[in-house]
Amino acid sequence: MTARSELTRERRASRFGRSASNRTKKSVSSRIKGDERASWGFLSPWLAGLLLITIVPMGASLWLSFSDYNLLQPPSWVGLENYQRLLEDPRLHNALEVTFRYVAISVPLQLALSLGLAVLLNQGMRGIPLYRSAFYLPSLLGGSVAVAVLWRQMFGHEGLVNQTLALFGIEHGSWIADPSTALGTLVTLNVWTFGAPMIIFLAALRQIPAMYYEAAAVDGASRFRQFGSITLPLLTPIIFFNLVLQVIGAFQAFTQAFVISGGSGGPSDSTMFYTLYLYQQGFRNFDMGYAAAMAWLLLALVGVFTAINFLLSRYWVFYND
Amino acid sequence: MTKSSARTATTRIGKHIVLIAVGILMLYPLLWMVASSLRPDEEIFHQAGLFVGEPRLSNYQDGWSALGQPFSHYIWNSLIVALGCIVGNLVSCSMAAYAFARLEFRNKAAFFAIMLMTIMLPIHVVIVPQYILFSQFGWTNTFIPLILPKILATDAFFIFLMVQFIRGLPRELDEAARIDGAGHVRTFLRIILPLMTPALATTAIFTFIWTWNDFFSQLIYLTDPDVYTVPVALRSFVDSASSSSWGQLFAMSVVSLLPVFVVFLIGQRYLVRGIATTGIK
């Protein structure tokens, strides 16, 4: 399911293809020639997109990151100046810190919750489809402006959260206007969308053969022991898969911070996500060169974190095949 | 014996209580928003409950016309974008998927790897030059920058999804069609496409929801209120809203969530299957 296992499968498949081609050499080689032409036809929209929407803009973005460009005057080469600014810009450092904290807190919480509920749901109870739907729906809505609007009210001064707390006699100011709690409201919103990884966990749990548990039960292993020795090890590839996806996604969070802070990343930059700062530099100040440099730093960060995840996975991910 | 069965019954009930509690916690904010949209403004900030004594639709009526254009205008714009993206994704991704799943060509493994890598590529890396390029063409404040990338299959997620699906189809079917003299185009159109409707449905549903919710690119490309889509219009509503128009804001938020909710109810099966096989959100 991961990109890597997908690639090895691909390699294996093409090896089989080759051994088959030895048997019926002639017909297959002529067919492959026909395949070749048809392939480029079928691939042409994707290839055009790869070139025009991805590769060329990436190249342009790299070049822009060494330039000063505000859309009005032609771009001028400034060498490493933008990257130097990255090193010295305190607001950027703050944005990095905010984003790191957001990723480091919300992703583990979300994964723990989704795994826990998937395990709970997988025990053959009644009403699973209903629970599953209820837990999954927020994942589909969580990225919308409307839900961000709702969050903005909920955690505001007289919002739903404070109204509820008031029932217990607790008084609290606005969670959004307070720099020490504003990021927390965004974390809750991300944790709220745990349904998508939960469904991936559920699908994976269904694939674990029941006989493993039966054998463990015969040997007298307790429920907890079974979870620790069977479920968890067999799920590690999926945990890893979800971890990689959620980390990449959380690094790019934008909409919620934008709507809840009114586009400012405030109060006092406490919800200034990296992408929000990039948006401000690129599309408010039209400092395109700096925004491009920021984009490349983002790519490098996401790449490094994904690589670290893959390296660390050797120590804890268990592949059963 | 009775003791242990009583204990399993208790744990079973305990689990249901946990699940119900989480479910309520998850859905309460949404239900409360719907309830609040039917209340007068002053009650929104004093009513944590769901019960609405006298539901009134005035928030919906006033909210509908609170912006420069009636809200239906923005819904219409969003629908055009969503429809364009759905058609684009269905056509271009299925074509690419057929090539990857069934055809042999040079450097296939390398292209496949590149395709998988683009799934992980953050949009921010290309958005700056893309914006410059599209604005040079005069395409800002049109829907072209939003739809064209889909026509060119940049949502590689769906290519991957469809490749996985086509691989699961028996090869004998298209082999038979090939022996009967059908070319690749015919095999694709007549054999593969009809068989992959579940994957196409998943793609269409996800594309709809993602496009409907998408904010970043619509915010960047659509700056003229006439071409605002629902998310951008709603955002401008937030900025202009005072504390006295939260009811209207909630009402329009509910309206904007409704299509996603309906699609979720109809297409849940495809969504769950799509996520389970590829892990997309």
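Residues numbered from 1 in each chain as written. Chains lettered and ligands numbered in written order. Predicted model: local features only at pLDDT ≥ 70, side-chain atom pairs only at ≥ 80, totals over all residues. Heavy atoms only, no water.

Participant: Could you give me a rundown of the overall build of chain A, with the residues and numbers involved?
Facilitator: Counting its regular elements, chain A contains 14 helices and two strands. Counting only residues that meet the buried cut, chain A has 52% of its 321 residues in that class. For chain A, restricting intrachain contacts to residue pairs at least 6 apart in sequence, the fraction spanning at least 24 positions comes to 68%. Total accessible area computed for chain A in this model is approximately 15100 Å², and 64% of it derives from carbon and sulfur atoms. (Helix = DSSP H or I, 4+ residues; strand = E, 2+ residues; numbered from the N terminus. Buried < 20%, exposed > 50% of the residue type's maximum accessible area, 1.4 Å probe, protein only. Contact = heavy atoms within 4.5 Å. Areas by Shrake-Rupley, 256 points an atom, 1.4 Å probe, with all protein chains shown as cover.)

Participant: Any details on the pattern of salt bridges? Residues and values, ideally.
Facilitator: If charged atoms from side chains of opposite charge come close, those side chains can pair. Residue and element names in this part refer to chain B. For the coordinates displayed, the defined rule picks out eight salt bridges over all chains. When the shortest N-O distance is used, the salt bridge between Asp155 and Lys150 registers 3.2 Å. On the accessibility criterion, Asp155 (16% relative accessible area) is buried. When its relative accessible area of 19% is taken as the criterion, Lys150 is described as buried. (Salt bridge = Lys/Arg side-chain N within 4 Å of Asp/Glu carboxyl O.)

Participant: Provide a residue-level description of the domain arrangement of chain A, including the pertinent values.
Facilitator: By a widely used convention, the size of an interface equals the accessible area lost when the partners come together. Residues and elements named next belong to chain A. For chain A, the domain assignment lists domain 1 (3–64) and domain 2 (81–316). Across the boundary between the two partners, domain 1 contributes five residues, which contact seven residues of domain 2. Summed over the shared surface of domain 1 and domain 2, the number is zero salt bridges. Split into classes, the residues belonging to the side of domain 1 that touches domain 2 amount to three nonpolar, one polar and one charged. (Domains from an automatic or database assignment. Nonpolar A, V, L, I, M, F, W, Y, C, P; charged D, E, K, R; others polar.)

Participant: Can you lay out the packing of aromatic side chains for me, pointing to particular residues and giving the numbers?
Facilitator: Residues and elements named next belong to chain B. If you walk through the whole model with that rule in mind, you get 45 aromatic pairs over all chains. Geometrically, the ring pair formed by Phe105 and Phe111 is tilted, given 6.5 Å between the ring centres and 45° between the ring planes. Overall, Phe105 belongs to the buried group, its relative accessible area being 7%. Between Trp246 and Phe250, the ring centres sit 5.6 Å apart and the planes meet at 70°, which makes this aromatic pair edge-to-face. With a gap of four residues between them, Trp246 and Phe250 both fall in helix α14 (residues 246–278), about one helical turn apart. (Phe/Tyr/Trp six-rings, centres within 6.5 Å; stacked < 30°, edge-to-face > 60°.)

Participant: Go over the packing of helix α9 (residues 195–206) of chain A against helix α11 (residues 223–251) of chain A with me, naming the residues and quoting the values.
Facilitator: All names here are of chain A. Contact geometry of α9 with α11 gives a least axis separation of 10 Å together with a crossing angle of 150°. Classified by the angle between their axes, α9 and α11 sit roughly antiparallel to one another. Relative to α11, α9 is oriented so that their crossing is right-handed. Judged by residue contacts, Pro197, Ile200, Phe201, Ala204 and Leu205 of α9 engage Thr231, Leu235, Ile238, Ile239, Phe241, Asn242 and Gln246 from α11. Looking at the contact of α9 with α11 residue by residue, the classes come out as nine nonpolar, three polar and no charged. (Axes fitted to C-alpha atoms, helices over the stretch in contact; angles between N-to-C directions. Parallel < 35°, antiparallel > 145°, perpendicular 65-115°, else oblique. Left-handed = near helix turned anticlockwise from the far one by under 90°.)

Participant: So what's going on with the domain arrangement of chain B? Which residues, and what values?
Facilitator: Residues and elements named next belong to chain B. Along its sequence, chain B is organised into domain 1 (2–56) and domain 2 (71–278). With centres defined by C-alpha atoms, the gap from domain 1 to domain 2 works out at 34 Å. Residue-level contacts link nine residues of domain 1 with 10 residues of domain 2. For the pairing of domain 1 and domain 2, the buried interface totals around 720 Å² over both sides, and the portion due to carbon and sulfur atoms is 79%. Contact with domain 2 buries area across many residues of domain 1, yet Met33, Ser37 and Asp41 alone supply 61% of it, more than any other trio. Applying the counting rule to domain 1 against domain 2 returns zero salt bridges. Of all the secondary-structure elements, those providing two or more residues to the side of domain 1 that touches domain 2 are α1 (2–37) and α2 (41–44). A breakdown of the residues in the side of domain 1 that touches domain 2 according to their chemical character gives six nonpolar, two polar and one charged. (Buried area = accessible area lost by both parts, 1.4 Å probe.)

Participant: Tell me what's going on with the interface of chain A and chain B, and back it up with residues and numbers.
Facilitator: The partner chain B presents 97 residues to the 94 residues of chain A that form the contact. Carbon and sulfur atoms supply 77% of the area that chain A and chain B bury against each other, a total of about 8500 Å² over both sides. Interface area lost by chain A to chain B is led by Phe42(A), Trp46(A) and Ile53(A), which between them contribute 10%. Of the charged contacts in the structure, one is a salt bridge between Arg106(B) and Glu36(A), with a shortest N-O distance of 3.4 Å.

Participant: Which residues make up a nonpolar patch on the surface, and what values go with them?
Facilitator: Residue and element names in this part refer to chain A. Side chains of Val304, Ile308, Leu312, Tyr315 and Trp316 sit close together on the surface and give an oily, nonpolar patch of about 530 Å² of accessible area. Mapping Tyr315 onto the fold places it in helix α14 (residues 288–316). Among the residues examined, Tyr315 registers a relative accessible area of 72% and is labelled exposed. (Patch = residues over 30% accessible without salt bridge, like charges linked within 9 Å, V, L, I, M, F, W, Y side chains within 5 Å.)

Participant: Can you lay out the side chain of Ser65(A) for me, pointing to particular residues and giving the numbers?
Facilitator: All names here are of chain A. With respect to the helices, strands and loops of the structure, Ser65 is situated in the loop between α2 (25–64) and β1 (67–68). A polar side-chain atom of Ser65 sits 2.8 Å from a polar atom in the side chain of Tyr83. Look past the residues within four positions of Ser65 in its chain and what remains in contact with it is Gly79, Asn82, Tyr83, Gly289, Ala292 and Ala293. (Polar contact = N/O pair within 3.5 Å; in protein donor to acceptor, adjacent residues only side chain to side chain.)

Participant: Give a description of the nonpolar core that names residues and reports values.
Facilitator: The biggest cluster of nonpolar side chains holds 194 residues, and the ones touching the most others in it are Trp46(A), Phe135(A), Phe100(B) and Ile159(B). By residue number, the principal contributor to this core is helix α4 (residues 71–102) of chain B, which donates 15 residues. Not counting residues within four places of it along the chain, the set of residues in contact with Ile159(B) comprises Trp46(A), Cys93(B), Ala96(B), Ala97(B), Phe100(B), Met115(B) and Ala153(B). (Core = buried A, V, L, I, M, F, W, Y, C linked by side-chain atoms within 4.5 Å.)

Participant: Please provide a residue-by-residue account of the environment of Thr142(B), values included.
Facilitator: All names here are of chain B. Along the chain, Thr142 falls in the loop between α6 (124–136) and α7 (144–151). Along the sequence, Thr142 and Thr118 sit 24 residues apart, while their C-alpha atoms lie 25 Å from each other. Only 2.6 Å separates the side chain of Thr142 from the backbone oxygen of Trp139, close enough to count as a polar contact. Here the side chain of Thr142 touches Ile144 through a polar contact of 3.3 Å, landing on its backbone nitrogen.

Participant: Outline the packing of helix α9 (residues 171–179) of chain B against helix α10 (residues 184–195) of chain B, supporting the account with residue identities and numerical values.
Facilitator: All names here are of chain B. Put simply, α9 and α10 touch, their axes get as near as 10 Å, and they point 150° apart. When the axes of α9 and α10 are compared, the pair comes out roughly antiparallel. Where α9 crosses over α10, the handedness of that crossing is right-handed. Mapping the contact onto sequence places Leu173, Asp174, Ala177 and Arg178 in α9 and His184, Thr187, Ile191, Ile192 and Leu195 in α10. Grouping the amino acids of the contact of α9 with α10 by side-chain chemistry returns five nonpolar, two polar and two charged.

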